[in-house]
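# Notes for the structure review
Each chain, letter by letter, is given below.
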Amino acid sequence: MSNLMGRIVKKNLGEMGFNMGGGPVNWFPGHMASATRAIRDRLKLADFVIEVRDARIPLSSVNGDLQAALSSKRRVIALNKKDLANPNIMHRWTGYFESLDQDCMTINAHSQNSVKKLLEFAELKLKEVISREPTLLIMVVGVPNVGKSSLINCIHRIASARFPAQQKLKRATVGPLPGVTQDIAGFKIAHHPSIYVLDTPGILVPSIPDIETGLKLALTGSVKDSVVGEERITQYLLAVLNIRSTPLHWRNLNNRRLEALANGKEYKPKKGLQQNEHYMEDVVSEVQCALYITLSEFDGNLEDESDLECLIEKQFAALQKAFKVPAHKASDDARRMVSKKFLALFRTGQLGRFTLDDVPGDINPSSSSSNTKS
């Protein structure tokens, strides 16, 4: 699938640094470069490292620049946002990392129970150090927008509950855009021994090895939309959904609304839903129906670049109707609006739970998408 994706999105991507040879990435901010140097220095002092990655892209969200330095540290790879990833293959990802003698856990940084298990694991790994060191340091590292700040904030809430007398400390800044946390900040989470957790800005390597990795990072929010363009990201997402036949699977979910819409029948919504829930259910169903119909009526070859591009163009038009974007809107403006709305549904899990990376050596990579709602 990667070669086909690469051919489809290769056009016009070279100018942004996404080329097959890597190339510079022009969104790499100066504060990240300086933070990388600071992290390297602090890694020398760290007793344990939590490397946060996006569970939807466990390999694409790696920070290649720091892997050599991390390999000699006590470390756990925390696959965050598991609530957005396909639950059916997460065990294969943890098994893959364990086969490399690398500890790995799936987490939801917004769940205290999930984060408590992560902290218990870190404490277990630090037991052999506790007897020798009066002060221990845990570092949290990762690329932008994988949930490091959310994890830090959850750890801080847990620490405050454990140690009420502890002086109140500033929480890490959280925002929806990559690279929002701009300074390395730390706070004390335990006494006897003293344990400090340091938050670090998201660091992404200044070059991306291939086109598809860059697009996966953009799709999951680690690269700002403005760098790649919402329309290009949407084209990639539609290509992924079509090649995996995901819209056809939506029909098999006992989705009564989708069944009714596809057959032009009236649908009676579930009882007990609030007005905004009805609205969201309507939007998601209209979008799923639009993609289902366009793919089911498609008589071309999904492996053919031109045929797939034609299908995606039809799907843009169908999504414009589904999102009720006015037909009189200028073409570029309409496509931008459609792209923003469609990407928002994907990123919030409304379209289902997906894992975009394939487990190395997996004989069934198409199972990386799930229709289970988060």
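From a predicted model like this one, the values you see are computed outputs, not experimental measurements.

## Some details on the packing of aromatic side chains
Counting across every chain of the model gives four aromatic pairs. Note on Y96 and F97: the rings are 5.2 Å apart at their centroids and 65° apart in plane angle, and the pair reads as edge-to-face. For the pair Y96 and F97, a shared accessibility class is recorded, and that class is buried. Three or more aromatic residues joined by ring pairs make a cluster, and in this case those are W93, Y96 and F97.

## Let's talk about empty space enclosed by the protein
It is a probe the size of a water molecule, rolled over the atoms, that shows where empty space is left. Overall, the coordinates contain one cavity of 30 Å³ or more when judged by the stated rule. Taken as a whole, the largest cavity encloses approximately 40 Å³ of empty space. For the largest cavity, the full set of lining residues is E51, V52, S61, V62, N63, L66, L70, V141, G142 and V143. Of all the secondary structure elements, the ones that give two or more residues to the lining of the largest cavity are β1 (48-54), α3 (64-70) and β4 (135-142).

## With respect to the confidence of the model for the protein chain
Summarising the model, the protein chain shows a mean pLDDT of 80, and 73% of its residues fall at 70 or more. Counting contacts from residues 11-25, a segment whose pLDDT is below 50, to residues more than four positions away or on other chains yields 37 contacts.

## Here we look at the nonpolar core
Of all hydrophobic cores here, the largest spans 44 residues; its most connected members are L219, V287, L291, L319, F323, F342 and L351. For this core, the secondary-structure elements that each account for two or more residues are α7 (211-219), α8 (225-228), α9 (230-243), α12 (275-296), α13 (305-322) and α14 (331-347). Those residues within four positions of L291 in sequence are excluded, and the remaining contacts are L238, L241, P247, W250, Q315, L319 and F342. Listed in part, the 31 residues of the second largest apolar core include I138, C154, F187 and I189.

## As for the pairing of β4
Burial analysis of β4 places seven of its eight residues in the buried class, which makes it a mostly covered element. In the sheet, β1 pairs with β4 via five bridges, with the strands oriented parallel. For E51, the partnering residue across the bridge sits in β4 and is V141.

## Some thoughts on the packing of α7 against α9
In the contact formed by α7 and α9, the axes pass within 10 Å of each other and the chain directions differ by 105°. Classed by the angle they form, the pair α7 and α9 counts as roughly perpendicular. Each of E212, L215, K216, A218 and L219 in α7 lies in contact with α9, whose residues at this interface are R232, I233, Y236 and L237. Its residues assigned to classes, the contact of α7 with α9 comprises six nonpolar, no polar and three charged.

## Looking at unusual backbone geometry
One non-glycine residue with positive phi stands out, namely K81, at about 65°. Since its relative accessible area comes to 16%, K81 is described here as buried. Despite not being glycine, S245 has its phi angle at roughly 60°, a positive value.

## Observations regarding helix α4 (residues 90-99)
Listed as buried for α4 are M90, W93, T94, Y96 and F97. Looking straight down α4, one finds its buried side chains confined to an arc of 155°; they lie on one side. Away from the buried face of α4 by more than 90 degrees, exposed residues H91 and S99 are located. Looking at the packing, one finds that the buried side of α4 touches β1, β2 (75-80) and β3 (103-106).

## Considerations on the pattern of salt bridges
The tally for this structure, following the rule as stated, stands at 11 salt bridges. A salt bridge links R347 to D225, with the shortest nitrogen-to-oxygen separation between them at 2.8 Å. One end of the pair, R347, is in helix α14; the other, D225, is in helix α8, and 122 residues separate them in sequence. Overall, R347 belongs to the partly exposed group, its relative accessible area being 23%. By sharing partners, the salt bridges in this structure join E51, R53 and R75 into a single network.

Rules and cut-offs
Residues numbered from 1 in each chain as written. Predicted model: local features only at pLDDT ≥ 70, side-chain atom pairs only at ≥ 80, totals over all residues. Heavy atoms only, no water. Phe/Tyr/Trp six-rings, centres within 6.5 Å; stacked < 30°, edge-to-face > 60°. Buried < 20%, exposed > 50% of the residue type's maximum accessible area, 1.4 Å probe, protein only. 1 Å grid on protein atoms, 1.4 Å probe; cavity = no way out; pocket = protein on both sides within 12 Å on 5 of 7 lines; lining within 4 Å. Points joined across faces, edges and corners; volume = space filled by probe spheres on them. Helix = DSSP H or I, 4+ residues; strand = E, 2+ residues; numbered from the N terminus. pLDDT = per-residue confidence, 0-100. Contact = heavy atoms within 4.5 Å. Core = buried A, V, L, I, M, F, W, Y, C linked by side-chain atoms within 4.5 Å. Pairing = 2+ DSSP bridges. Axes fitted to C-alpha atoms, helices over the stretch in contact; angles between N-to-C directions. Parallel < 35°, antiparallel > 145°, perpendicular 65-115°, else oblique. Nonpolar A, V, L, I, M, F, W, Y, C, P; charged D, E, K, R; others polar. Arc of directions from axis to C-beta. Salt bridge = Lys/Arg side-chain N within 4 Å of Asp/Glu carboxyl O.

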